Amino acid sequence: MSAFEGMEEMLQDFLMEAGDMLSDVDNKLVVLEKSPNDRELLNVIFRGFHTIKGGAGFLNATPLVELCHRTENLFDKLRNAELTLTPEIMDVILAATGIVRDMFGALAQARMPDPAEPEILNALDAVLSGETPVAPVAQQEAPKAEPVPAPASSAPASDENGPDWR
């Protein structure tokens, strides 16, 4: 059973329009990294998150609404010069945008998206409070390599080291 029983057409319209909008936001974010003080660009991105949030609200997709609301608020502060875009803030924005994209994937399967991870919500809240954000997404540690034994030497072991058991 679909989480959007009776709203299938509205869901499809939302996914099409909001998907296009999210693609546009993605493109604008690339430009924003090069022009972090471009007010018009900040306004366009703000409106994108605002519109996606509104459509998600009609669908009662609360996890998407909550994430977009925080991201929209961040862009409101950026466009009103209450915050200055830093690489750390940009990392939070990109992480949030990636999660929005993942949520669209759940919606495309007529499933309610899972809530965003607390780390990203906390990072957004930290930025909104004027704090330096902590990395929004836990960095995946590379698997620890097991120590590689030294290659067996072809030279005979000396007697003072004991027998060579290799």
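Reading the values: rules and limits
Residues numbered from 1 in each chain as written. Predicted model: local features only at pLDDT ≥ 70, side-chain atom pairs only at ≥ 80, totals over all residues. Heavy atoms only, no water. Phe/Tyr/Trp six-rings, centres within 6.5 Å; stacked < 30°, edge-to-face > 60°. Helix = DSSP H or I, 4+ residues; strand = E, 2+ residues; numbered from the N terminus. Buried < 20%, exposed > 50% of the residue type's maximum accessible area, 1.4 Å probe, protein only. Lys NZ or Arg CZ within 6 Å of the ring centre and 35° of its normal. Core = buried A, V, L, I, M, F, W, Y, C linked by side-chain atoms within 4.5 Å. Contact = heavy atoms within 4.5 Å. Expected span 1.5 Å × (residues − 1).

(A) Representation of the packing of aromatic side chains. All told, the structure shown has 2 aromatic pairs when counted by the stated rule. Aromatic pair F49 and F75: ring centres 5.8 Å apart, planes at 15 degrees, arrangement stacked. Linking F49 in helix α2 (residues 39–58) with F75 in helix α3 (residues 62–79), this pair joins segments that are 26 residues apart in sequence. Looking at F49, the relative accessible area reads 0%, which means it is buried. Positioned over the ring face of F46 is R79, at 3.6 Å from the centre of the ring.

(B) Structural detail: unusual backbone geometry. Positioned with a positive phi, N60 is a non-glycine residue whose angle comes to about 60 degrees. By secondary structure assignment, the location of N60 is in the loop between α2 and α3. The class of N60 is exposed, set by a relative accessible area of 52%. Of note in the backbone geometry, A81 takes a positive phi value of approximately 60 degrees without being a glycine. The partly exposed category is assigned to A81, whose relative accessible area is 49%.

(C) Region of interest: the nonpolar core. One finds F14, L64 and F75 to be the most contacted residues of the largest nonpolar core, which totals 44 residues. Of all the secondary-structure elements, those providing two or more residues to this core are α1 (8–34), α2, α3, α4 (87–108) and α5 (118–128). Top element by residues in this core is α4. It accounts for 11 residues. Sequence-distant contacts of F75, defined by excluding residues within four places in its chain, comprise L29, L32, L42, I45, F46, F49 and I93.

(D) Region of the structure containing the environment of E33. Within the element layout of this structure, E33 appears in helix α1. By relative accessible area, E33 is classed as partly exposed at 48%. Taking the C-alpha atoms as reference points, E33 and T86, 53 residues apart in sequence, are found 9.1 Å from one another.

(E) Here's a closer look at α1. The end-to-end C-alpha distance of α1 is 39 Å, a good match for the 39 Å that 27 residues give at a rise of 1.5 Å each. Taken residue by residue, α1 has L11, F14, L15, A18, G19, L22, V25, L29 and L32 as its buried positions.

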